[in-house]
There are 4 protein chains.
Amino acid sequence: MTTIAFIGLGIMGAPMAANLSSSGFDVVGYNRSAPAVERLVAAGGRAATSVADAVTGADIVATMLPDTPDVLAVITDGDGVFANARPGALVIDFSTIKPQASARLAAEGKAAGFRVLDAPVSGGEQGAVEGTLSVMVGGADQDFLAAGEVFDAVGRTIVHVGHAGSGQTVKAANQLIVAGTLALLAEALVFLEAHGVDTEAAVRVLGGGLAGSTVLERKAGQMLSRSYKPGFRVGLHHKDMGIVTDAARNAGVAIPLGSLAAQLLGSLDARGDGSLDHSALFGLVEELSGRSEAKTA
Amino acid sequence: MTTIAFIGLGIMGAPMAANLSSSGFDVVGYNRSAPAVERLVAAGGRAATSVADAVTGADIVATMLPDTPDVLAVITDGDGVFANARPGALVIDFSTIKPQASARLAAEGKAAGFRVLDAPVSGGEQGAVEGTLSVMVGGADQDFLAAGEVFDAVGRTIVHVGHAGSGQTVKAANQLIVAGTLALLAEALVFLEAHGVDTEAAVRVLGGGLAGSTVLERKAGQMLSRSYKPGFRVGLHHKDMGIVTDAARNAGVAIPLGSLAAQLLGSLDARGDGSLDHSALFGLVEELSGRSEAKTA
Amino acid sequence: MTTIAFIGLGIMGAPMAANLSSSGFDVVGYNRSAPAVERLVAAGGRAATSVADAVTGADIVATMLPDTPDVLAVITDGDGVFANARPGALVIDFSTIKPQASARLAAEGKAAGFRVLDAPVSGGEQGAVEGTLSVMVGGADQDFLAAGEVFDAVGRTIVHVGHAGSGQTVKAANQLIVAGTLALLAEALVFLEAHGVDTEAAVRVLGGGLAGSTVLERKAGQMLSRSYKPGFRVGLHHKDMGIVTDAARNAGVAIPLGSLAAQLLGSLDARGDGSLDHSALFGLVEELSGRSEAKTA
Amino acid sequence: MTTIAFIGLGIMGAPMAANLSSSGFDVVGYNRSAPAVERLVAAGGRAATSVADAVTGADIVATMLPDTPDVLAVITDGDGVFANARPGALVIDFSTIKPQASARLAAEGKAAGFRVLDAPVSGGEQGAVEGTLSVMVGGADQDFLAAGEVFDAVGRTIVHVGHAGSGQTVKAANQLIVAGTLALLAEALVFLEAHGVDTEAAVRVLGGGLAGSTVLERKAGQMLSRSYKPGFRVGLHHKDMGIVTDAARNAGVAIPLGSLAAQLLGSLDARGDGSLDHSALFGLVEELSGRSEAKTA
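This is a predicted model, so every value here is computed, not measured. (Residues numbered from 1 in each chain as written. Chains lettered and ligands numbered in written order. Predicted model: local features only at pLDDT ≥ 70, side-chain atom pairs only at ≥ 80, totals over all residues.)

(A) How the structure looks around the overall build of chain A. Within chain A, the secondary structure is distributed over 15 helices and 9 strands. Computed over the C-alpha atoms, the radius of gyration of chain A is 20 Å, within 12% of the 19 Å expected from 2.2 N^0.38 for a compact globule of 297 residues. Along the first, second and third principal axes, the C-alpha set of chain A runs to 65 × 45 × 35 Å. Each of the 297 residues in chain A was classed as buried or not, and the buried ones make up 67%. Contacts in chain A between residues at least 24 apart in sequence constitute 65% of all its contacts with a sequence separation of at least 6. (Helix = DSSP H or I, 4+ residues; strand = E, 2+ residues; numbered from the N terminus. Rg over C-alpha atoms; globule rule 2.2 N^0.38 Å. Buried ≥ 20, exposed ≤ 12 C-beta atoms within 10 Å, placed from the backbone. Contact = placed C-beta atoms within 7 Å.)

Listed below in structure tokens is the structure:
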């Protein structure tokens, strides 16, 4: 039985760890807050009391953490993964962080005898629960192959997209597209409501043509009902757009719509709506159109 | 056998008329340039020598024309539809024009004893050829029901979205979303190429998550191969974005991303790329990123 | 003594007419609401009871009206200027309207024996009161020369910029620059306040360098004190940006920043802030930055 | 006689050092490339062979360097300012760098017994040559007062805007406004040319009203003549916009127009126009409007 240490049991990490457990992995979980660890135990996993405790003896180490500094700390600090895991262990970081940071972790890990993959995911809480995430993987071919059963346990669309860091690059592109598509959908739906059109019928016909998208399928209803329960939080998407705009600037790539979408998400976050679902962009467009009395919460 | 006059046999109108013919309608076609009419005859239709000639005696009149003034002229001029068609005839305008113009035509038509529907479509040339268009219909319930067989012959997703003009409003929302999604995809793909990622693999995994869209499915390949054969021309989409921005302004709706996408399409058009497919937005983003030696043609 | 009919005695027209009166013109004023006419009489002018009454016998006719349809009605309707003014009269339209409309009025006026100038102004209420407006004039050379004393009475910077309609084109460019500069100043000031900088000192030093502008001089204080008393109303600037975006679209000119500034002004207007000074853009940027509890009114 | 070490004798630093010399300071200059040092000697200064050589014994140390890492290296490295300058020396950094970096240098300098001011400037090469720069100063009151004669030798508008780092914050706001104003002016001038207006007359009248700005005065001519000789280089302004967008993101401030202007400057830079004057934004808008055959160089 393969032992996998799972660090970070939040809204995404918890169901992913549970799916690994029910797929036959021996999952040892660690999270800063204890209740999350207890829930993993209830789901068939084992509890660890620290990162070091979790990774000691594990064949595979998985991390799912909020931001670049969290991942760097957990993996490279003195009491972290590289310092305590078994030489040769496979380290899979599911977090969404800066591509350069992933590339650096891969290089440092290699020097220390580890195999490191960056494997950020898309699909949200629902995808994590159902085990239907899309996983975009950067790293060496043989490491990607070695991680096959892990990926199969958490995702449905699993693609190796290139060298170390490439998974993050693709995830950044994903977040760029999703942010922009949400903003466009919000604009379109406010436009339709302002004209007194049957929005439910409109969403149906829009979905059947070139305007169709997963965002339209999954988020139009949430927008029209103004129920911005996450899902994927504005604050995290705002953080991701910082990664996108930095990476685009460094690469000299023009992202006019992407940077404008980043402004709108940043605005939502600054207004205190960081904990809402990113479909709350609808509320912002409503306010910008004078069609909302109340705050978007 | 129901006789349907079809005015406007262009890139979209021609296959729609042919599909109506093969669905059992008696189709009488008219187009300003003769070869288009001859092609309809080859496909089983009949030729008319003028709008008046086409609509005289027809049960149904269908129009598929480039812009608002064309439709107004064909339908309301002295030698046009209202002046020559049979009283009570059903007039279905498939063109994409200003919502107010459609509402006005419906009112004038009603006063003159006609039943008028606005029924713009989405799905492009491919959808027109395959008879799988999305049709968004504005007008009275009973007129929508009466047109059922016509819509079934040309489309797959057929939705009645509200009062006269509503079809155009939904089409405008469609064009807003499509323009923006194309721009976002272009930004994302240039971003991926700039980072040396395997773009084909990336497109696959993006399609499996929340970034998935019909635009991604149908246009990513065209962008990556820089083959901007239409499809749907930049010039027409630029025209449509004029309708969108006007209607949004009149309704007081904020469309920050939509108006920026309109700027990019307008730029392509101004540079002389109006006859390319709208996926040529990729070429524009490439140039803005210093990644293209040549013009986007 | 030269008699000048002045149609439109609003926030701008009233002080302009008063300045003409005190410069020695015999001013006959008309306005739809009577109190404005009475105020002109108190300032030394004469009252007219209709457009026809005002223009009959006048040497010069001046108009200062809100929007294109108002100007077209007052000048071309059956009871309007062309129908009632003395043949050969000089018609000076100070309103800000569509360039094409001005060009059309000039052509129609010429056919009817009138000399027509488009002469939109910049400088706001303060400039109108002080007689220091900038006047941008389109039309024939000799007509521009003939209007010299009129322009001197209301403005300080008076420039003939080209053929009929050119005054409006330059005014459109003016409104584009002003809207964008206001938005940029709002962004910069919110940025400075968020960083705890001494904004008064900052405004002083910004004004001494390449960031200096008339907008900075005149509007920074109004922004920082959140007192959006017009001045120039959001609703009118929003109207003007419609002219700008239309004209840019027709000419195939890219105005990415201008169209985004138009979105922000449109948003203010849609939210019910149309009667505030356009410096209220500061309030909108504050809200977008989560730095404002209350509505911007 | 006060001895001032001047590190960084580029397009801005050279004339600033020369002005200090002719104002009676004993200026010891250092630059990585020797000819710049020789030119200073010709202007009355003395040559140093290294940073350490320059600062040893100086009363005041001035730095004028391209970017944050350059300043950090020159000031904090083992062979740099803090390691070699006289305890108590006044360190004035004229460079434009990240506000946080300036705040950190001030704190580290204080700990090491130095008095540190951030004093970025505005006004371009012309302002540096004429000694008419605007200087925005962050730091302690008494240090600002102590630096008075230095600032008077290089600038005209000298303002103390707050605590350490505030100079950089104000400079960031300055660059935001300038970038956006340049873009707006470019859009307006292309718009005017496209309409066949007399642009020279138009620039005159625009300057007299609310659209007037220092950018209009100094850059319109350069734009209309397409001579993009710096002046202030696109590459540096692009670098500065990275500072602006980062600082705005960190502070939660919405800068929709600023970030779009940053995209345009980034695009110019990516296309290889980094060494042109930032007025080259005109060339980019021309291309986006299909009005330019050639590249903007």
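(B) View of the interface of chain A and chain D. The interface of chain A with chain D comprises 13 residues on the first partner and 13 residues on the second. If you list the elements that add at least two residues to the side of chain A that touches chain D, you get helix 13 (234-251) and helix 14 (256-273) of chain A. If one sorts the elements of the side of chain A that touches chain D by residue count, helix 14 of chain A sits on top with 8 residues. When its residues are assigned to classes, the side of chain A that touches chain D shows 4 nonpolar, 7 polar and 2 charged. (Nonpolar A, V, L, I, M, F, W, Y, C, P; charged D, E, K, R; others polar.)

(C) Quick peek at helix 11 (residues 199-208) of chain B. When we look at burial in helix 11 of chain B, the residues that qualify are B:Thr199, B:Ala202, B:Val203, B:Val205, B:Leu206 and B:Gly208. Those residues of helix 11 of chain B that are buried lie in contact with strand 8 (133-138), strand 9 (155-162) and helix 10 (166-194) of chain A together with helix 10 (166-194) and helix 12 (214-224) of chain B.

(D) A look at the packing of helix 10 (residues 166-194) of chain D against helix 14 (residues 256-273) of chain D. Residues and elements named next belong to chain D. Between helix 10 and helix 14, whose axes approach to 9 Å, the crossing angle comes to 70°. Compared by their axis directions, helix 10 and helix 14 come out roughly perpendicular. Touching Leu176, Ala179, Gly180 and Ala183 of helix 10 are Leu257, Gly258, Ala261, Ala262, Leu264 and Leu265, all from helix 14. Along the lines of polarity and charge, the residues of the contact of helix 10 with helix 14 split into 8 nonpolar, 2 polar and no charged. (Axes fitted to C-alpha atoms, helices over the stretch in contact; angles between N-to-C directions. Parallel < 35°, antiparallel > 145°, perpendicular 65-115°, else oblique.)

(E) View of helix 1 (residues 13-22) of chain A. All names here are of chain A. Where burial is concerned, most of helix 1 is hidden: 9 out of the 10 residues are buried. Among the residues of helix 1, those classed as buried are Gly13, Ala14, Pro15, Met16, Ala17, Ala18, Asn19, Leu20 and Ser21. Summarising the contacts, the buried residues of helix 1 are in contact with strand 1 (3-7), strand 2 (26-30), helix 2 (34-42), helix 7 (124-130) and helix 9 (148-154). Downstream of helix 1 by a residue or two, Gly24 has a phi angle that is positive, lying close to 105°.

(F) Just the packing of helix 10 of chain A against helix 13 of chain A, in detail. Residues and elements named next belong to chain A. Between helix 10 and helix 13, the least distance of the axes is 9 Å, while the angle of their chain directions is 115°. The hand of the helix 10/helix 13 crossing is left-handed. Note on element contacts: helix 13 touches helix 10 through His237, Asp240, Met241, Ile243, Val244 and Ala247, opposite Thr169, Ala172, Gln175, Leu176 and Ala179. Considering only residue class, the contact of helix 10 with helix 13 consists of 7 nonpolar, 3 polar and 1 charged. (Left-handed = near helix turned anticlockwise from the far one by under 90°.)

(G) Main features of the relation of the copies chain B and chain A. With an RMSD of 0.0 Å, the fit of chain B onto chain A corresponds to turning through 180° and sliding 0.0 Å along the axis. Put plainly, the chains are arranged around a two-fold axis. Of every C-alpha in chain B, the one belonging to B:Ser213 sits nearest the axis of rotation, 1.9 Å from it. Same-surface contact between copies: 100% of interface residues of chain B are shared with the interface of chain A. (Least-squares fit on C-alpha atoms with pLDDT ≥ 70 in both.)

(H) Expanded view of the domain arrangement of chain A. Residue and element names in this part refer to chain A. Each assigned domain of chain A is listed with its residue range as follows: domain 1 (3-162) and domain 2 (169-288). One C-alpha centre belongs to domain 1, the other to domain 2, and the line joining them spans 28 Å. Each partner contributes residues to the interface: domain 1 has 10 residues there, and domain 2 has 11 residues. A per-class count over the side of domain 1 that touches domain 2 returns 4 nonpolar, 3 polar and 3 charged. (Domains from an automatic or database assignment.)

(I) Examining the nonpolar core more closely. Core analysis: the largest hydrophobic core is formed by 472 residues, its most contacted members being A:Ala5, A:Leu185, B:Ala5, B:Leu185, C:Leu185 and D:Leu185. Beyond its immediate stretch of four places on either side in the chain, A:Ala5 contacts A:Val28, A:Ala48, A:Ala54, A:Val55, A:Ala58, A:Val61 and A:Ala62. (Core = buried A, V, L, I, M, F, W, Y, C linked by C-beta atoms within 7 Å.)

(J) Inspection of the interface of chain B and chain A at higher detail. The interface of chain B with chain A comprises 62 residues on the first partner and 62 residues on the second. At the level of secondary structure, the elements contributing two or more residues to the side of chain B that touches chain A comprise strand 8 (133-138), strand 9 (155-162), helix 10, helix 11, helix 12, helix 13 (234-251), helix 14 (256-273) and helix 15 (281-288) of chain B. If you tally residues by element for the side of chain B that touches chain A, the top one is helix 10 of chain B, at 19 residues. Looking at the side of chain B that touches chain A, its residues break down into 35 nonpolar, 23 polar and 4 charged.

(K) Inspection of the environment of C:Ala147 at higher detail. Residue and element names in this part refer to chain C. Its location among the elements puts Ala147 in the loop between helix 8 (141-146) and helix 9 (148-154). As a C-alpha pair, Ala147 and Ala194 span 47 residues in sequence and 50 Å in three-dimensional space. The residues contacting Ala147, other than those within four sequence positions of it, are Leu90, Ile92 and Leu117.

(L) Representation of unusual backbone geometry within the structure. A cis amide bond links A:Pro230 to the next residue, A:Gly231, at an omega of 0°. A positive phi angle, close to 50°, is found at C:Arg226, a residue other than glycine. Of note, C:Arg226 is situated in the loop between helix 12 (214-224) and helix 13 (234-251). With 15 C-beta atoms packed within 10 Å, C:Arg226 lands in the partly exposed category.

(M) Region of the structure containing the relation of the copies chain A and chain D. Superposing chain A onto chain D requires a rotation of 180° together with a translation of 0.0 Å along the rotation axis, leaving an RMSD of 0.1 Å. Comparing interface residues between copies, 100% of those in chain A also lie at the interface in chain D; the contact surface is shared.

(N) Here's a closer look at the confidence of the model for chain A. In the predicted model, chain A carries a mean pLDDT of 96, and the fraction of residues at 70 or more is 98%. Predicted complex metrics record ipTM = 0.93 and pTM = 0.94. (pLDDT = per-residue confidence, 0-100.)

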